[in-house]
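Architecture at a glance
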Amino acid sequence: MAQAPGDPTSPTPPPQSAFRRWFFETSAPEPQGFYEGERQAQAQHHTQPWWKVMCLTGVDYFSTLGYQPGIAALAAGALSPVATLVLVLVTLFGALPMYRRVAGESPHGDGSLSMLERLLSYWPSKVLVLSLLGFVATGFVITITLSAADAAAHMAENPLLRPVLHGQEVVIALTLIALLGAVFLKGFKEAIGIAVVLVVLYLGLSLVVVGNGALEVLRTPQLAGDWWAGLRSSYASPLAIIGAALLVFPRLALGLSGFETGVVVMPLVKGDPGDTEAQPAGRIRNTRKLLTSAALIMSVMLLGSALVTTFLIPRAAFWPEVTLSRNVNAADLTAGRAVLNVPLDNAANPHELYTLTLPAGRTGSFTVPAQTVGGPVALQVTVTQTPAGGSDNVTVFKPAGEANGRALAYLAHERLGEGFGTLYDLSTILILWFAGASAMAGLLNIVPRYLPRYGMAPDWARATRPLVVLFIGISALVTVLFRADVDAQSGAYATGVLALMTSAAIAVFLTERRRGHRGPSVLFGLISLLFIYTSVVTVRDRPEGLWIALLFILGILIVSVASRVSRSTELRVQRVVFDDRASAMLARVQERGLPLRFIANRLNAGDNAEYVLKALDVRLDNHLSGGQAALFLEVEVTDASDFAATVPVTGVKVGPHLILRARGSSVPNTLAAVLLYVRDLTGVPPHVYFEWSEKGPAGNALRFLLAGEGDIPPLTHEVLRVAERDAAHRPVVHVGG
């Protein structure tokens, strides 16, 4: 086999400033950390025992305990423990077996997206992956913003910091995001070591909080009795309770967030000494241990936290900040007949309302103590008189409850003291910030893994720092739009998580079905239906996640199409490989003198008559004499949606005619690569002879972009011109007819 001696020459680029070299640097090796490639991890001995890598994925997965119990209580109320039990069952019997299968099918860190990519081909495969990347970006960006928002809530509600930081959640979240960007611009190292410390500290402290609360529940059986009595009074039967829990379960889907990360970090998992790239059995087995252990730990913590927070925290403490502004009749206000229905748990779609009767004749700002269904709440009321009108404006502000977005931290302060509570706040803030770092690393891994390989990203997208600036800017914008509100972002986060899990379930189902495994295909088909249902319900109730994902998808498609069009005349070939027969044919013709000459032909019947007629037409149109030896050069388009590929060239003889048949993703680019290969091999630019196309320019342009064909002669010349700027060293293109 012969390979290309080297890449085509190119002009020396102009010197860059030190800042540009640093900012667009792509050659630095990947530091030990989140989403290292398989070869880098093996070469740099960065593989780690599975339990350490579990801590790396756990900064994302386990950190959801910082806000999941509060979101569950807000979404499900007293049903929170039952709905959380449904979540745990889906985790252990749906998501876990599904991702254990993904680990076996995609053991090199490509995740479930690569399974879908392999199941489809051509452009549908690329479009599907690009669409799913929109949801991936949504999940990762909202992980950054949600984690920063919840960390800000823990800081602002800490008793020691509250006098200074309360009301500054947006500023705090933006500062944390900026700090995250600064760290990644400098370079992030030793992620696993830090993750182990943070996860052990956070889970240990969380276990203390949950354990303390569980002991209180056991000591006071009336708590559980009152809770169950309340459920029975609200629902006709236990079956109705289960049905209601199934309906609210989709709102708790944030608790499923860590599985995709678990398979993406597989290259970091230490396997067996006998593992090979094709069969990494030890790594697959240890990754399955990682996934199972993480799911079991999280299931126990989710159930425990749901129980203690539901039993021990007043409902009002979970409610978010709400502002209501209405105009009321001035006469009714003076007479004490003015009434407002104040939403308590959700400003847009409330389930809990408080009927506020405004004090007669009261104006200005004052506080009304309200005895709500969830406990006492202080409502801040401002009445503004309108001199010329018959109505006055009334604004009611309900502050966020102390447990909103920080349920376990609330219990830590209330039950274990301010010192322990502050330590728990600190551990929560650190792991939440590190979860944002995990998400940023995920974004930096996904974009270079797919878009440049598809030719659908500018070259600078391979550099880390420009992407960091881009994603930090998007995260800052999302934070401002959502006002660093944890509850407001939960729906968008769930949408991103569920889209990934749904695609993974469908990929596993289709894989099992294609292999004829009837039992597993039925199981994973049911799991797919469950995740589809959950996704539909989530999008219906909280459509903002879908809109964000669609914006990401639109942006990705625009950048991808523009990049693919602008880079279409790049050489797009990694290397050219001649088989022995092709090399022998080249040598045989070379003995008759240089330069070598090629007649470009589109293969049809492939018989002797085709080559006789083609040679006659081309020689006549291009004034090529019969004494000048020439080989036929043909290209078979394999997958025009691929951007860069290796070009194999085989030698074929039909009658007296010598034919080189190449396979590539685009005819002009493949022809140019073969010609440059021959130029490098012989030292003399070869000549290639074409006939003009009879199709129109618009149709040819589309055929080139979509099918890798089009008006071949000028496109081949353009690819050669871009690849080789020196005309004296450039293969020569002749067109006749």
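Notes on the structure follow. (Residues numbered from 1 in each chain as written. Predicted model: local features only at pLDDT ≥ 70, side-chain atom pairs only at ≥ 80, totals over all residues. Heavy atoms only, no water.)

1. Notes on the overall build of the protein chain
For the protein chain, the helix and strand inventory stands at 25 helices and 14 strands. Oriented by its inertia axes, the alpha-carbon framework of the protein chain measures out at about 110 × 70 × 55 Å. For the protein chain, the residues scored as buried account for 54% of the 737 residues in total. Looking at the protein chain alone, contacts between residues at least 24 apart form 77% of all its contacts between residues at least 6 apart. Per element, the accessible surface of the protein chain, about 31,500 Å² overall, is 61% carbon and sulfur. Here the protein chain contributes 57 positively and 54 negatively charged side chains, and the mean placements of these two sets differ by 3 Å. (Helix = DSSP H or I, 4+ residues; strand = E, 2+ residues; numbered from the N terminus. Buried < 20%, exposed > 50% of the residue type's maximum accessible area, 1.4 Å probe, protein only. Contact = heavy atoms within 4.5 Å. Areas by Shrake-Rupley, 256 points an atom, 1.4 Å probe, with all protein chains shown as cover. Lys, Arg positive; Asp, Glu negative; His and termini not counted. Charge placed at Lys NZ, Arg CZ, Asp CG, Glu CD.)

2. Examining helix α9 (residues 169–186)
With 18 residues, α9 ought to run about 26 Å at 1.5 Å a step, and its terminal C-alpha atoms sit 26 Å apart, in line with that. Among the residues of α9, those classed as buried are E169, I172, A173, L176, I177, L180, G181 and F184. (Expected span 1.5 Å × (residues − 1).)

3. Notes on the side chain of R730
Residue position: R730 is located in the loop between α25 (712–723) and β14 (732–736). The side chain of R730 is buried and forms no salt bridge, while E724, the nearest opposite charge, is found at 6.2 Å. Side-chain polar atoms of R730 contact the backbone oxygen of R725, separated by 3.2 Å. (Salt bridge = Lys/Arg side-chain N within 4 Å of Asp/Glu carboxyl O. Polar contact = N/O pair within 3.5 Å; in protein donor to acceptor, adjacent residues only side chain to side chain.)

4. Quick notes on the pairing of strand β11 (residues 645–654)
The side chains of a regular strand alternate, first on one face of the sheet and then on the other. Here strand β8 (residues 573–578) pairs with β11 via 5 bridges, running parallel. When the bridges of β11 are listed, F578 appears paired with V649. With 6 bridges connecting them, β11 and strand β12 (residues 657–664) associate as antiparallel partners. Looking at β12, one finds that V654 is bridged to H657. Remark: 2 residues form the turn of the hairpin made by β11 and β12, two consecutive strands paired antiparallel; G655 in that turn has positive phi of roughly 60 degrees. (Pairing = 2+ DSSP bridges.)

5. Quick notes on the packing of helix α5 (residues 80–105) against helix α19 (residues 518–541)
For any two helices packed against each other, the geometry comes down to the angle between their axes and how far apart the axes lie. The interhelical angle for the contact between α5 and α19, taken along N-to-C directions, is 120 degrees, at an axis separation of 11 Å. What the angle tells us is that α5 and α19 run oblique. Where α5 crosses over α19, the handedness of that crossing is left-handed. Across the interface between the two elements, V90, F93, G94, A95, P97, M98 and R101 from α5 touch P520, F524, I527, L530 and F531 from α19. A per-class count over the contact of α5 with α19 returns 10 nonpolar, 1 polar and 1 charged. (Axes fitted to C-alpha atoms, helices over the stretch in contact; angles between N-to-C directions. Parallel < 35°, antiparallel > 145°, perpendicular 65-115°, else oblique. Left-handed = near helix turned anticlockwise from the far one by under 90°. Nonpolar A, V, L, I, M, F, W, Y, C, P; charged D, E, K, R; others polar.)

6. Things to note about the pattern of salt bridges
Inspection of the entire model under this criterion finds 18 salt bridges. Of the charged contacts in the structure, one is a salt bridge between D541 and R540, with a shortest N-O distance of 3.2 Å. On the accessibility criterion, D541 (34% relative accessible area) is partly exposed. Classification of R540 as exposed rests on a relative accessible area of 60%. We note a salt bridge from E691 to K614, for which the minimum N-O separation is 3.0 Å.

7. Concerning the sheet that holds strand β7 (residues 391–398)
What links the strands of a sheet is backbone hydrogen bonding, and the strands pair in either a parallel or an antiparallel sense. Spatially, 4 strands are ordered β2-β7-β6-β5 in an open sheet, and the strand pairing comes out antiparallel. Unpaired on one side and paired on the other, β2 (322–329) and β5 (364–372) mark the two borders of the sheet. Taking the axes of each pair of neighbouring strands and ignoring which way they run, one obtains an average angle of 25 degrees across the sheet. Examined bridge by bridge, β2 and β7 share 8 bridges and lie antiparallel to one another. The residue bridging V322 from the neighbouring strand is K398, located in β7.

8. Describing the packing of helix α7 (residues 122–157) against helix α20 (residues 544–566)
Packing of α7 against α20 brings their axes to within 8 Å, and their N-to-C directions diverge by 130 degrees. In terms of orientation, α7 lies oblique with respect to α20. The chirality of how α7 crosses α20 is right-handed. For the pair formed by α7 and α20, the contact residues are W123, L130, S131, L133, G134, F135, A137, T138, V141 and I142 on the first element and G545, L546, I548, A549, F552, I553, I556, L557, S560 and R564 on the second. Considered class by class, the residues forming the contact of α7 with α20 number 14 nonpolar, 5 polar and 1 charged.

9. Here we look at the environment of L176
Turning to its location among the elements, L176 is positioned in helix α9. Through-space distance from the C-alpha of L176 to that of E321 is 22 Å; in sequence the pair is 145 residues apart. Those residues within four positions of L176 in sequence are excluded, and the remaining contacts are A148, A151, A152 and W433.

10. Overview of a positive patch on the surface
A cluster of basic residues, R581, R588, R592 and K653, forms a positive patch on the protein surface. With a relative accessible area of 48%, R588 lands in the partly exposed category. (Patch = residues over 30% accessible without salt bridge, like charges linked within 9 Å, V, L, I, M, F, W, Y side chains within 5 Å.)

11. Thoughts on a nonpolar patch on the surface
Side chains of V522, L526, L529, I532 and V536 sit close together on the surface and give an oily, nonpolar patch of about 460 Å² of accessible area. Looking at I532, the relative accessible area reads 34%, which means it is partly exposed.

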